[in-house]
Amino acid sequence: MSNRYIPHTDEDIALMLEKIGVGSVDELFSDIPAEVIFKEDYDIPSSMSEIELRSHFRELADKNKGLTVFGGNGVYDHYAPSVIPHLLERSEFYTAYTPYQPEISQGTLQYIFEYQSMITELTGLESTNASMYDGATSAAEAMFMMVASAKKRNRVLISATLPVHVSAVVKTYAKFHGVDITVVPEKDGATDREAMKELLASGDVAGVILPSPNRYGIIEDFSGFADDIHAAKALMAMYVDPSTLAVLRSPAEWGADIACGDGQTLGMPMQFGGPYLGFLSCRQSLIRKMPGRVVGATVDGSGKRCYVLTLQAREQHIRREKATSNICSNQSLMALYATIYLSLLGEKGLREVNVLSADGAHYLYNKLIESGRFQPVFDRPFLKEFVVKTDLDLEKVNARLLENGIMGGVSLGDGRVMFAVTEKRTKEEIDRLVTLMLEA
C-alpha cells in the first residue's frame, strides 16, 4: 500500500459498501439529520513535508513553559525513569482492545496480571481489576459496588475531606443513577467520626468512602472506623494515593473492603490533565460486583505459563440493564505504565520516593512558618502536601513565581494555600521558592 497511515483504499471502501448494500459513504450516514451536519470547509492547514511538520510541532512545543512545580491537589510532579516510554511502546504490550483471544494477547494479559498483582500488594486486598479511567471515576465505581452489594440500601456517605474533584464526580454519577450521597462533615481537617456514626445509625447506608491522604494532605487516623461501618452492615471504601502505600498503612490494614484511587502518582507526567489511571481493589467476596476484568495465570497444554481472562462480568455485554458499570473497553495503557514504573522502582525505590518527598515537604513547611508570614492551619501529620495560611497577596505571589518559572501552591481561599513537594524538588529550589514569595 502506498500510504501506510490510510488502511482502506477506494477499492476497499467500494467493496465494503457493496457488501452491505449501500451506495456511498454519505448514504451510510443518512440517518443523521441534515441540519446538524457541518457543511463548511474544515480549517485544516495545508500539507507539510516531514521536516516542515517537525519544525511546526517544535514551535508549538516551545510555547509551553516548563515549571518547577510546588502545586499538587491530586496531581503530582513525580520522577519517571526514562526507559518507561521505550518499554511502553513495545508491540507485544501496546495493543488496542480487550484481550478476548488469549492465544494472541499474551503480552497484554501478562502486564495486566502483573499490574493487578502489584496494586493488590500495595492495597493489601485480595483482588484488583484493570481498565479504570482515572481516580475520580474509580471512586464512583466503588460507590456502585457498595450499593450493588447492599440489600435495598441506596445511600453512600463520603467524607468532606475527600478531594474536591473526586467528590464532584461521585455526586454526578450518583445523581443519574439514583444514589443518595451524604457528606460526613470534617473536624479540624479530618473526618468527624462521631458525625459518621450518627449518619450510620439511620440504617440505610450502603457504604462509606474515606480518603488517605485527604484533600489537605493530612494522614487521617481511621482507627475504629471499620468497626463502626461494619457494625452498621455497610462497606468501607478508601480513596488512596497508591505511591504512599509504600510507607502508610494499607486500606486492608485499616479494615477497608474496597480501595480506589488515581495511579498518576506512579510516575505519570502531569500532561495538562491526563491520561491518568484509576485503580480498584476489593475483598474476594466482592469480586463479582467489580467492573472491568480480572486476568489470571495458568499453564497451557505444554505446561508453559500463560495468561487468561479469569473473570469478566458478562452482563456488561449481554444483559446491560443488570450491569453495575459501563467499563468494557481495555483502557489499560496507563496500567502498563504503572507496571513498568513499579517494576523499576521496587519496594525500596518507592519507599525512597516517599522519604525524599516527606523530607522536602517538612523542610518547606518549617521554612514558611519560620518566616513569620505563614501560620499553621492543622496540627495533624502529613506526608508530601500541607496547608498553611498567610496574609500575603497569593495572586500577586503566584504571578511573581510564574515569572520565575515556578508553579506555586494551590490557593484554597481565605489566605490558605496548599503546597506539595515530591522527590524531584531540591533544597535549592525550595529555598528559592520561599525567597521569591517573601520578596513578592
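The structure we're discussing is the one just above.
Residues numbered from 1 in each chain as written. Predicted model: local features only at pLDDT ≥ 70, side-chain atom pairs only at ≥ 80, totals over all residues. Heavy atoms only, no water.

Peer 1: Looking at this model, I keep getting lost on the pattern of salt bridges. Mind explaining?
Peer 2: Where charged atoms of side chains with opposite charge meet at close range, the side chains can pair. Counting across every chain of the model gives 16 salt bridges. Between D204 and R155 there is a salt bridge; the shortest N-O distance is 3.1 Å. With D204 in the loop between α8 (193-200) and β7 (205-212) and R155 in strand β3 (residues 155-159), the pair connects residues that are 49 residues apart, well separated along the chain. D204 gets classed as partly exposed once you look at its relative accessible area, which sits at 32%. One salt bridge in this structure joins R400 and E439, with 2.6 Å as the shortest N-O distance. On the criterion of sequence distance, the pair formed by R400 in helix α13 (residues 394-403) and E439 in helix α14 (residues 427-439) is long-range, its members being 39 residues apart. Since its relative accessible area comes to 28%, R400 is described here as partly exposed. (Salt bridge = Lys/Arg side-chain N within 4 Å of Asp/Glu carboxyl O. Helix = DSSP H or I, 4+ residues; strand = E, 2+ residues; numbered from the N terminus. Buried < 20%, exposed > 50% of the residue type's maximum accessible area, 1.4 Å probe, protein only.)

Peer 1: Before we go on, may I ask you to explain the sheet that holds strand β4 (residues 180-184) in this structure?
Peer 2: Hydrogen bonds between backbone groups are what pair the strands of a sheet, and the pairing can be parallel or antiparallel. Spatially, β2-β10-β9-β8-β7-β3-β4 is the arrangement adopted by the seven strands of the open sheet, whose pairing is mixed. Each edge of the open sheet is held by one strand with a lone partner, namely β2 (127-128) and β4. As judged from the three bridges shared by strand β8 (residues 235-240) and strand β9 (residues 258-262), these two strands associate in the parallel manner. Across the sheet, the residue bridging to M238 is A259, located in β9. Its contacts with the sheet place helix α6 (residues 135-149) against β3, β4, β7, β8, β9 and β10 (278-282), and it is angled at close to 160° to β9. (Pairing = 2+ DSSP bridges. Contact = heavy atoms within 4.5 Å. Axes fitted to C-alpha atoms, helices over the stretch in contact; angles between N-to-C directions.)

Peer 1: Got a minute to help me understand the nonpolar core in this structure?
Peer 2: Grouped burial of nonpolar side chains is what soluble globular proteins tend to show. Counting residues in hydrophobic clusters, the biggest one holds 49 residues, and the most contacted among them are L157, M196, L200, V208, I229, M236 and Y341. Elements that contribute at least two residues to this core include exactly α4 (84-88), α5 (106-123), α8, β7, α9 (225-231), β8 and α12 (333-370). The element contributing the most residues to this core is α12, with 11 residues. Among the nonpolar cores identified, the runner-up in size contains 32 residues, and F144, L162, C260 and I287 belong to it. (Core = buried A, V, L, I, M, F, W, Y, C linked by side-chain atoms within 4.5 Å.)

Peer 1: Is there a simple way to think about the side chain of E423 in this case?
Peer 2: By secondary structure assignment, the location of E423 is in the loop between β17 (416-420) and α14. A polar atom in the side chain of E423 sits 2.7 Å from the side chain of H78. At a separation of 2.8 Å, a polar atom in the side chain of E423 contacts the main-chain amide nitrogen of Y79. Setting aside residues up to four positions removed in sequence, E423 forms contacts with H78, Y79, V353, L356 and S357. (Polar contact = N/O pair within 3.5 Å; in protein donor to acceptor, adjacent residues only side chain to side chain.)

Peer 1: Please explain the sheet that holds strand β13 (residues 374-376) as it appears in this structure.
Peer 2: Taking strand neighbours across the sheet as the criterion, the four strands line up as β13-β14-β17-β16 in an open arrangement whose pairing is antiparallel. Single-partner strands in this sheet number two, and they are β13 and β16 (410-413). Between one strand axis and the next, the sheet turns through 40° on average, direction left out of account. In the sheet, β13 pairs with strand β14 (residues 385-390) via three bridges, with the strands oriented antiparallel. Pairing of Q375 across the sheet is with K389, part of β14. In this fold α12 packs onto β13, β14 and β17, with an angle of close to 10° to the strand it touches most, β14.

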